[in-house]
Amino acid sequence: MTTSGVVPQARFSAQARLRALQSDIMELILERELEAGDPLPTESELSVALGVGRNTLRESLKVLQALGVIEIRHGFGMFVAPSNFDALADGLTFRGRLSLRHQGFEALQLVDVRQALESGLIASSIDVMTPAQLASIEEAVKQMEELAASGENFVAADAEFHRRLFEPLNNELLINLMGVFWKVYRKIHVEIGAGNEDLVKTAATHRDIYTAVAAGDKPLAAELLNRHFDGIRRRISEAVGE
C-alpha cells in the first residue's frame, strides 16, 4: 500500500490472477469428477494443465488448503479435502468477536441466522421425529437440569440438545452449519462474559422447548426457540452497550 492508502493496480491484478487460478483448480476438480479423498494431479501436471508457473500454483494451492478445498499431505501428494467447516468457523468467530469491539452487528447477525434456521425448521423435524429421537432429546435436557442443579455449566449438553432437535431431518449440511454456529457462539459467549447466566432458568427454557416438541405443538416450539435466541441477542447487545 502506498503512503496515500491506495493499493497499487499491479497488486490488484496479481490478486485477481490468483483468484482466477484458484477457480480454475476447483473447476478442474469438478470436470474430472474427483471426490473427497481422491488424489489431485501433481504440481507438475497442474502447472502444465493450467499454464502457470510452480510458484504461482503453490500460492493458490496454499489458499485452497486454508479454505478446506484440498488437503496437502507432505510426502504423499494433494487430495480433495473431505467436508471441513473449520475455516468457516474460524472466519465467522473472528468476525463475530471483532464486531464486539464496536456495535456487535456481525455477532447479532450470526444469532439471526441460527435463529432463522432452528425456528424455521423445527416443524419439519417434528414431522419426522421418532420416539427414540424424542427420548434422546429429553436425555440431553435431563443432563442440563442435573448439571444446572449442581451449579455446573452444560455447554456440551446444550449443543447436543440443539443437534438432536434437528437430527431427524437427516441433513448433514444443516448439522455441520449448526456446529459452526455453535462454535462461534461459544467463543462470543466467553467474550461477553456470559458465564454467570441463570443455569437453572436456561435448562428450564430447554425443557419447555422439549415439551412443545413432544406435544407436536409446532407453533409453540418455534416461538420458544425464537424467545431463546432473543435472550442470546439481548446478552450480546448489553455487552456492547446497546
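Residues numbered from 1 in each chain as written. Predicted model: local features only at pLDDT ≥ 70, side-chain atom pairs only at ≥ 80, totals over all residues. Heavy atoms only, no water.

Going by an unreviewed UniProt entry, the chain carries the name FadR family transcriptional regulator and comes from Paenarthrobacter ureafaciens.

A. Looking closely at the side chain of H162. Note that H162 resides in helix α7 (residues 155–166). With relative accessibility at 1%, the residue H162 sits in the buried group. Among the polar contacts made by the side chain of H162, one reaches the side chain of H206 at a distance of 3.2 Å. Setting aside anything within four residues of it in sequence, one finds H162 in contact with R114, E118, M178, W182, H206, L225, H228 and F229. (Helix = DSSP H or I, 4+ residues; strand = E, 2+ residues; numbered from the N terminus. Buried < 20%, exposed > 50% of the residue type's maximum accessible area, 1.4 Å probe, protein only. Polar contact = N/O pair within 3.5 Å; in protein donor to acceptor, adjacent residues only side chain to side chain. Contact = heavy atoms within 4.5 Å.)

B. Focus on the environment of T211. Mapped onto the elements of the fold, T211 is located in helix α9 (residues 199–214). In the structure, T211 is positioned 23 residues away from R234 in sequence and 24 Å away in space, judged by C-alpha atoms.

C. Spotlight on the confidence of the model for the chain. For the chain, mean pLDDT is 86; residues scoring 70 or higher make up 93% of the total. Of all secondary-structure elements in the chain, the lowest mean pLDDT belongs to helix α4 (residues 86–99), at 77, while helix α6 (residues 131–149) reaches the highest, 96. (pLDDT = per-residue confidence, 0-100.)

D. Region of the structure containing empty space enclosed by the protein. Per the stated rule, a full pass over the model turns up one cavity of 30 Å³ or more. Taken as a whole, the largest cavity holds about 70 Å³ of empty space. Around the largest cavity, the lining residues are A107, L110, V111, R114, F181, V184, Y185, I188, F229 and I232. Elements represented by at least two residues in the lining of the largest cavity include exactly α5 (105–128), α8 (172–191) and α10 (218–239). Considered class by class, the residues forming the lining of the largest cavity number nine nonpolar, no polar and one charged. (1 Å grid on protein atoms, 1.4 Å probe; cavity = no way out; pocket = protein on both sides within 12 Å on 5 of 7 lines; lining within 4 Å. Points joined across faces, edges and corners; volume = space filled by probe spheres on them. Nonpolar A, V, L, I, M, F, W, Y, C, P; charged D, E, K, R; others polar.)

E. Spotlight on the pairing of strand β2 (residues 77–80). As paired elements, strand β1 (residues 70–73) and β2 share four bridges and run antiparallel to each other. Residue pairing across strands places I72 opposite M78, the latter belonging to β2. What sits between the antiparallel neighbours β1 and β2 is a turn of three residues, in which G75 has the positive phi angle 90 degrees. (Pairing = 2+ DSSP bridges.)

F. Layout of the side chain of D158. Relative to the elements of secondary structure, D158 occurs in helix α7. Beyond its immediate chain neighbours, meaning those up to four positions away, D158 contacts M144, W182 and H206.

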